[in-house]
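# Architecture at a glance
What follows is the residue order along each chain.
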Amino acid sequence: MGMASNFRETRFDDVTVLASSHGGAFPYGNTVVVTGSQARLVIDPSLDIDHDPVGADAVMISHAHEDHIAGLKHFTGDKYAHHADVDGVRSLQVLLDGYGLTSEERHAVDAQIGDQFALPDGFPEAIGVGDGHVFDLGDASATVIHLPGHTAGHCGVLIEPAGFLYVADIDLTSFGPMYGDVGSSVEDFLMSIESVRAIDARWYGTFHQKGVIDGSAEFRRRLDAYAAVIHRREERLLEFLARPRTIPNIVAHRLVYRPHVELPFVDAVERRTAQLHLERLEAHDQIISTDGGGFVRR
C-alpha cells in the first residue's frame, strides 16, 4: 500500500489496521482500511495519517471528535458520518459546541486542537448516514451500526465476510467509557455495550490503545471489565453523597480523571459525567436534591 512509517500495518483478511506507533493513546488512534474488489473504505483517519495511503473511495467517521478526523484533510473520497454527528464533521465550531465548554475552556481547547491537530474549519461536504447504511465495496461490505452514548451519533462498523467489528471509542481501556459531551448518555452507552456484546465476530477493533481483540470470548471479557467502570464511578459518587454535595464539589472530587490531570476539557467532562450520573441516580430513587442545589444519598 505504500504506507508511511508512522504506523504499523496489520492484516485481518480484507481489513488492514494502520496501528498507531504511539500505542493508540489520545490524541492518536488506529485507522481501519477495508479493501473490496470494487472500492476502498477508510474508517477514522488518525493523527498518524499524513497522506491517503490507499486512494480511498470513501471515508467513514465513527463520530465527531477531533482525534477521529485528524487525518481527514488528506482524503479526497466521499466523507460520511452518522446524521447525529455529521454537523460536527462539517464544522469544527459545531464539534466544539458538543463539548459543553465555558468560554474560557473553549478558548483553551480550541488552541490545543489547533496546536495538536491543525484541522481545517470543517468538512462541509460530509454526508450523513443512518444505522444500517452499507458500503458495498465489491466482495466486501461495511455496515454502519449506530452505537450512541459516547456521542449521539457514535457508530461502529461491521465488515463482512472478514467478520471484523470496529467498535471505535467503545475502546475497552482501563480508563473506562467516556460520556462527557452534551450529546452523551450513560443509558445509551450501556445499551451500545449490550449491542456489541451480542455481535459474534472474529475480530474486534478499537480506535484507542489495544487495537484488535481476537475472538468474541476475549472481547466480552474485556467488555465486562470496561462496563464495570461505569458502575464503579456510580458507587464512588454515592459514597461521596453521604452528605450533601453540589456539582462543583463533585467536579473537584473527580469521577473520571485522576486529580493530577490538568487538561482544558477535564472540568467539562467531569461536569457532564456528574450530571448524567446524578440524573440516573435520581431516576432510580437513590439520591434526593437538597434546597441548596446539592444532592445527597437517600
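In short, a report on the structure. Once a new chain begins, its residue numbering starts again from 1 and follows that chain's sequence as written. At least 70 in pLDDT is required for a residue's local features to be given in this predicted model, at least 80 for side-chain atom pairs to be given and counted, and no such filter applies to totals for whole chains, interfaces and linings, which use all residues. To obtain the side-chain values, all non-hydrogen atoms of the structure were included, while hydrogens and water were left out.

## Some words on the overall build of the protein chain
- Strands are runs of DSSP state E lasting at least two residues, helices are runs of H or I lasting at least four, and both sets are numbered from the N terminus onward. Of regular secondary structure, the protein chain possesses seven helices and 15 strands.
- Computation of the radius of gyration draws on C-alpha atoms, with the globule rule given as 2.2 Å multiplied by the number of residues to the power 0.38. For 298 residues, the compact-globule estimate of 2.2 N^0.38 gives 19 Å, and the C-alpha radius of gyration of the protein chain, at 19 Å, lies within 12% of that figure.
- A principal-axis box enclosing the C-alpha atoms of the protein chain has dimensions of 65 × 40 × 30 Å.
- Measuring between centres, the 25 positive side-chain charges of the protein chain sit 7 Å from its 44 negative side-chain charges. His residues and chain termini do not enter the charge count, which takes Lys and Arg as positive and Asp and Glu as negative. Here the site of a charge means NZ on Lys, CZ on Arg, CG on Asp, or CD on Glu.

## Side note on the sheet that holds strand S6 (residues 78–82)
- DSSP calls a pair of strands paired once it identifies at least 2 bridges connecting them. Taken in spatial order, the seven strands line up as S1-S2-S3-S4-S5-S6-S7 in an open sheet, and their pairing is mixed. On the outer flanks of this sheet lie strand S1 (7–12) and strand S7 (127–129), each paired with one strand and no other. If you compare each strand with its neighbour and ignore which way they point, the axes differ by 25° on average.
- Strand direction decides the pairing type here: strand S4 (residues 40–43) and strand S5 (residues 58–61), joined by three bridges, are parallel. Looking across to S5, one finds that Leu41 is bridged to Ala58. Helix axes are fitted only over the stretch in contact, all axes being lines through C-alpha atoms; the angle between N-to-C directions runs from 0 to 180 degrees.

## Things to note about the environment of Phe265
- Mapped onto the fold, Phe265 is located in the loop between helix H6 (247–253) and helix H7 (266–283).
- We classify Phe265 as buried; its relative accessible area is 15%.
- Each C-alpha atom, one on Phe265 and one on Gly211, is 25 Å from the other, the two residues being 54 residues apart in sequence. Working definition: with a 1.4 Å probe on protein chains only, accessible area under 20% of the residue-type maximum means buried, over 50% means exposed, and in between means partly exposed.

## Regarding the nonpolar core
- We call a set of buried Ala, Val, Leu, Ile, Met, Phe, Trp, Tyr and Cys residues a nonpolar core when their side-chain atoms join them within 4.5 Å. Formed by 46 residues in total, the largest nonpolar core has its most connected members in Ile69, Val89 and Ile250.
- Of all elements in the fold, only S5, helix H1 (86–90), helix H2 (92–97), helix H3 (103–117), helix H5 (216–240) and H7 reach the threshold of two or more residues within this core.
- Here this core takes six residues from H7, the largest share from any one element.
- Ranked by size, the runner-up nonpolar core spans 28 residues in total, among them Ile43, Tyr80, Val144 and Ala162.

Everything listed here is a matter of geometry and, on its own, says nothing about what the molecule does.
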